[in-house]
Amino acid sequence: MIAVRRDEAGLASPIDVASIETAADAVAWVHLAQASGASELHIHRLADAASARAAVVADLAPVPAPDDCAA
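Asks: I would appreciate a short explanation of the overall build of the protein in the present structure.
Replies: The helix and strand inventory of the protein stands at 2 helices and 3 strands. Listed by position from the N terminus, the elements making up the protein come as β-β-α-β-α. Within the protein, contacts between residues separated by at least 24 positions form 52% of all contacts whose residues are at least 6 apart in sequence. With the model as given, the accessible surface of the protein reaches about 5,300 Å², and the carbon-plus-sulfur share is 59%.

Spelled out as structure tokens, the structure:
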């Protein structure tokens, strides 16, 4: 699952990416995504194996912004 936030111009930015196994975990994750400002959820259902799902999460996870203070 990918939690996405859209800005005023309509540009989508991923907030979080997760592989979720149970409905209870999905509900909890959706609440956290909403609290983080997500306005959309995108669901990827093509990976059958846990290792394939983990690879999708790693590939799609947002990259943190570089630290402005780092030299």
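Read on for the rest.
Asks: How do you make sense of the nonpolar core when you look at a structure like this?
Replies: Considering soluble globular proteins, one finds that nonpolar side chains tend to be buried as a cluster. Counting 6 residues, the largest nonpolar core is built from Ala3, Ile15, Ala18, Trp29, Ala33 and Ala38. With residues up to four places along the chain from it excluded, the contact list for isoleucine 15 reads Ala3, Val4, Arg5, Ser36, Gly37, Ala38 and Pro62.

Asks: Would you mind showing me how to read the environment of serine 13 here?
Replies: Within the secondary structure, serine 13 sits in strand 2 (residues 12-17). Sequence-wise, serine 13 and proline 62 are 49 residues apart; in three dimensions their C-alpha atoms are separated by 8.3 Å. Sequence-distant contacts of serine 13, defined by excluding residues within four places in its chain, comprise Ala3, Val4 and Arg5.

Asks: Whenever I open this one, the environment of isoleucine 20 confuses me. Can you help?
Replies: Within the secondary structure, isoleucine 20 is located in the loop between strand 2 and helix 1 (23-35). With near-sequence residues (within four places) excluded, isoleucine 20 lies in contact with Met1, Asp25, Ala26 and Trp29.

Asks: I would appreciate a short explanation of the confidence of the model for the protein in the present structure.
Replies: Any segment with low pLDDT has predicted coordinates that should not be analysed in fine detail. Per-residue confidence for the protein gives a mean pLDDT of 85; residues scoring 70 or more make up 87%. Between the elements of the protein, mean pLDDT differs from a low of 83, seen in helix 2 (residues 50-60), to a high of 95, seen in helix 1.

Asks: Could you clarify how one ought to interpret the pairing of strand 1 (residues 2-6) in this entry?
Replies: In summary, the side chains of a regular strand alternate between the two faces of the sheet. Alignment of strand 1 against strand 2, held across 5 bridges, turns out to be antiparallel. Along strand 2, the bridge assignment pairs alanine 3 with aspartate 16. Turn length for the strand 1-strand 2 hairpin, with the two strands adjacent in sequence and antiparallel, is 5 residues, and the turn residue glycine 10 shows positive phi of about 90°. Two elements, strand 1 and strand 3 (residues 40-42), share 3 bridges in a ladder whose sense is antiparallel. Across the sheet, the residue bridging to valine 4 is glutamate 40, located in strand 3.

Calculation criteria
- Residues numbered from 1 in each chain as written.
- Predicted model: local features only at pLDDT ≥ 70, side-chain atom pairs only at ≥ 80, totals over all residues.
- Heavy atoms only, no water.
- Helix = DSSP H or I, 4+ residues; strand = E, 2+ residues; numbered from the N terminus.
- Contact = heavy atoms within 4.5 Å.
- Areas by Shrake-Rupley, 256 points an atom, 1.4 Å probe, with all protein chains shown as cover.
- Core = buried A, V, L, I, M, F, W, Y, C linked by side-chain atoms within 4.5 Å.
- Buried < 20%, exposed > 50% of the residue type's maximum accessible area, 1.4 Å probe, protein only.
- pLDDT = per-residue confidence, 0-100.
- Pairing = 2+ DSSP bridges.

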